[in-house]
Amino acid sequence: MDIRNICCIGGGYVGGPTMAVMALKCPDIQINVVDINKERINNWNDKDLSKLPVYEPGLAEIIMKCRGKNLHFSTKVREMIEIADMIFISVNTPTKTKGIGAGKASDLKWVENSAREVATFSKGHSIVVEKSTLPVRTAEVIQSILNSSQNQTKPDYENKSFDVLSNPEFLAEGTAIDDLLNPDRVLIGGDNPEAIKSLRNIYKRWVPDRKILETNIWSSELAKLTANAFLAQRISSINTIAALCESTGADVREVSRAIGKDSRIGSKFLDSGPGFGGSCFKKDILNLVYLAEYFGLPEVANFWNNVVSINYWHQHRISKIIIKKLFGSLSGKKIGILGFAFKANTNDTRESSAIQICKDLLEEGALLTIHDPKVEKNKISKDLPEESFDPNTWDVLDSVEKTLKNTHAAVLLTEWSDYSNLDWDNLAKKMVKPAWIFDARSIVDKTKVLDAGLNLWRIGDGSI
Ligand code: NAD
Ligand code: UGA
């Protein structure tokens, strides 16, 4: 099937950048991104590119090139589904908050609604592509919703037919455009070779053929959850070793380097930090846990659940170290937090370890001053809600110097490059002695901090 018109339902962190890159590489295909969120769509259409709803290096340039030519953003869900040959479903799939599977299973409400819209509005043959991260066998749900529309008797529906493919996304925030332009692999799951070929032909325009993998649909769905689970597992693993390093005199950076040289282990994702954050790792592992429980595999569920438990434990472990080093009490003490985003180069704070650690410190009576180059105060207000945390006990400041003034400690939680070259001699003069630097990202210059007369704790460093 020759694809001339694509509709993507959901213009978020995945739908927006993915369709932008597809539009760039396929100038002969018209691509419509539709979303029920009017404000988001207005932002995608804003002339001022700094207002785009997603910040990713390189994205604004692509939007400038393609928007209004073969890339369009609108709320016209019905109209764009009607004219599409291929429809991507790229909507949110958060963890369920109530009902069966609450706290673990994915809430498929938005996916189901999208499938119903496709079932109602599509015409002729449509290829429906799951882009959202979904539990195994969701394609079955989508297919059965789509099939139900084929039974209708209205003349409009007479020739309606569908293929469902799974095509999960592996981009990481902060590097999304590069990940989309040069993916390690593109995964397509499905059972109709013709439909698979249609999607493959799109990716082939810029992805080498050998990198486009085909699997059955269930393997594709499960591979996405598994990839995130394995990545998160490596972080939890190295974070447990960091704790052991601190007790034994070993240094986790040296251990990571040594094991990473083993080509079977590989060197990536071995940086010990304050614990993994981001919108997906926890959600996807909990989904895997739910699936394992559902299919009667409690040992499998326990194994993966521990990856998440270790992450909580590790975040609280850091909070406890801070409390202990500050003589067991934080009451009335001022602490500067450097970095609130879940990783550098994004303004996203979803599941950021900074949230948990700040909550722990506030509960111990500390007064926090927070700095982050990209995260705005209103976002932090949502993460430290007024109902639970008195807004007078924390503040956001626009420079590191102001943030650390009169503090007893600085806690580094995001690896912003700005934090690697701080003038500790100068900053030390502004802090209350004895002052501590808690570096959970191994980003500060150890010698400079110690030479400035400051006490240093560094993640996984048993040599201090
Ligand atoms: P998001 O919340 O940023 O965007 C989803 C969008 O879908 C929202 O704007 C929402 O308004 C829209 N939407 C929901 N229902 C709709 C409907 N019926 N019609 C039209 N629009 C609708 O989510 P995201 O971060 O883009 O993630 C989307 C999916 O991709 C999730 O399953 C996620 O797990 C997966 N994923 C995310 C990332 C990431 O880095 N964020 C990476 C890989 C995969
Ligand atoms: C992650 C995956 O890397 C993507 O492949 C996947 O598509 C995406 O989730 C998703 O499904 O949403 P993302 O969460 O954007 O991407 O960012 P990562 O770079 O994976 O970082 C996640 C967390 O792990 C961050 O808090 C980061 O600081 C932490 N991390 C990462 C470490 O603590 N150590 C490391 O060595 C690497």
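In this text, all values refer to a predicted model and were calculated from it rather than measured experimentally.

Points about empty space enclosed by the protein
Item 1. Within the structure shown, the criterion is met by 2 cavities of 30 Å³ or more.
Item 2. Looking at the largest cavity, its volume works out to about 40 Å³.
Item 3. Every residue along the wall of the largest cavity is listed here: E130, S132, T133, L134, S166, P168, E221 and K224.
Item 4. Classifying every residue of the lining of the largest cavity gives 2 nonpolar, 3 polar and 3 charged.
Item 5. Put simply, the second largest cavity is a space of about 30 Å³.
Item 6. Taken together, P274, G275, A341, F342, S352, S353, A354, L413, T414 and R441 make up the full set of residues lining the second largest cavity.
Item 7. Considering only residue class, the lining of the second largest cavity consists of 5 nonpolar, 4 polar and 1 charged.

Here we look at the packing of helix α9 (residues 217–248) against helix α12 (residues 298–325)
Item 1. Between α9 and α12, the least distance of the axes is 9 Å, while the angle of their chain directions is 40°. Compared by their axis directions, α9 and α12 come out oblique. Classified by chirality, the crossing of α12 by α9 is left-handed. Contacts between α9 and α12 involve A229, F230, A232, Q233, S236, N239, T240, A242, A243 and E246 on the former and, on the latter, W304, V307, I310, N311, W313, H314, R317 and I321.

Examining the site of ligand 2
Item 1. Taken together, 19 residues lie near ligand 2, and F170, L171, E173, C280 and F342 sit nearest.
Item 2. Backbone polar atom of L270 to an oxygen atom of ligand 2: 3.4 Å apart, as the coordinates give it.
Item 3. Here a nitrogen atom of ligand 2 sits 2.8 Å away from a polar atom, N or O, in the main chain of D271.
Item 4. For ligand 2, whose free accessible area comes to 710 Å², the fraction covered by protein is 88%.
Item 5. Among the elements that make up the shell around ligand 2, the one with the highest residue count is α9 (4 residues).
Item 6. A breakdown of the residues in the shell around ligand 2 according to their chemical character gives 11 nonpolar, 2 polar and 6 charged.
Item 7. The residue makeup of the shell around ligand 2 includes at least three contributed by each of domain 1 (5–213) and domain 2 (216–464).

Side note on helix α3 (residues 59–66)
Item 1. Within α3, burial applies to L59, I62, I63 and C66. Seen from one end, α3 has its buried residues packed into an arc of 100°, which puts them on one side. Of the exposed residues in α3, the ones pointing more than 90 degrees away from its buried face are M64 and K65.
Item 2. In this structure, the buried side of α3 is in contact with α1 (15–25), α2 (38–45), β3 (71–74) and α7 (176–181).

Some details on the nonpolar core
Generally speaking, nonpolar side chains in soluble globular proteins are found buried as a group.
Item 1. One finds I335, L368 and W424 to be the most contacted residues of the largest nonpolar core, which totals 59 residues.
Item 2. By residue number, the principal contributor to this core is helix α13 (residues 353–363), which donates 6 residues.
Item 3. Counting 42 residues, the second-largest nonpolar core is a separate cluster that includes Y13, V21, A195 and W206.

Thoughts on the side chain of N287
Item 1. Counting through the fold element by element, N287 comes out in helix α11 (residues 281–294).
Item 2. For N287, a relative accessible area of 2% translates into the label buried.
Item 3. In terms of polar contacts, N287 uses its side chain to reach the side chain of S106, at 3.4 Å.
Item 4. Those residues in contact with N287, other than ones at most four positions away along the chain, are K104, A105, S106, L134, P135 and L225.

A closer look at the site of ligand 1
Item 1. Not every one of the 25 residues close to ligand 1 is listed here, only the nearest: V14, D35, R40, T93 and K283.
Item 2. The protein chains hide 92% of the 840 Å² of surface that ligand 1 would expose on its own.
Item 3. No other element matches helix α5 (residues 109–121), which puts 3 residues into the shell around ligand 1.
Item 4. Grouping the constituent residues of the shell around ligand 1 by class yields 9 nonpolar, 9 polar and 7 charged.
Item 5. For the shell around ligand 1, the two domains that each supply at least three residues are domain 1 (5–213) and domain 2 (216–464).

A few points about the domain arrangement of the chain
Item 1. Once the domains are mapped, the chain shows domain 1 (5–213) and domain 2 (216–464).
Item 2. Between domain 1 and domain 2, the C-alpha centre-to-centre distance is 33 Å.
Item 3. In this complex, domain 1 contributes 35 residues to the contact, which on the side of domain 2 involves 27 residues.
Item 4. When the two sides are added together, the surface that domain 1 and domain 2 hide from each other amounts to roughly 2,500 Å², 59% of it contributed by carbon and sulfur.

Points about the side chain of K283
Item 1. Take K283: it is sitting in helix α11.
Item 2. Residues contacting K283, with those up to four places away along its chain left out, are T93, P94, T95, K104 and T133.

What counts as what
- Residues numbered from 1 in each chain as written.
- Chains lettered and ligands numbered in written order.
- Predicted model: local features only at pLDDT ≥ 70, side-chain atom pairs only at ≥ 80, totals over all residues.
- Heavy atoms only, no water.
- 1 Å grid on protein atoms, 1.4 Å probe; cavity = no way out; pocket = protein on both sides within 12 Å on 5 of 7 lines; lining within 4 Å.
- Points joined across faces, edges and corners; volume = space filled by probe spheres on them.
- Nonpolar A, V, L, I, M, F, W, Y, C, P; charged D, E, K, R; others polar.
- Axes fitted to C-alpha atoms, helices over the stretch in contact; angles between N-to-C directions.
- Helix = DSSP H or I, 4+ residues; strand = E, 2+ residues; numbered from the N terminus.
- Parallel < 35°, antiparallel > 145°, perpendicular 65-115°, else oblique.
- Left-handed = near helix turned anticlockwise from the far one by under 90°.
- Contact = heavy atoms within 4.5 Å.
- Near = heavy atom within 4 Å.
- Polar contact = N/O pair within 3.5 Å; in protein donor to acceptor, adjacent residues only side chain to side chain.
- Areas by Shrake-Rupley, 256 points an atom, 1.4 Å probe, with all protein chains shown as cover.
- Domains from an automatic or database assignment.
- Buried < 20%, exposed > 50% of the residue type's maximum accessible area, 1.4 Å probe, protein only.
- Arc of directions from axis to C-beta.
- Core = buried A, V, L, I, M, F, W, Y, C linked by side-chain atoms within 4.5 Å.
- Buried area = accessible area lost by both parts, 1.4 Å probe.

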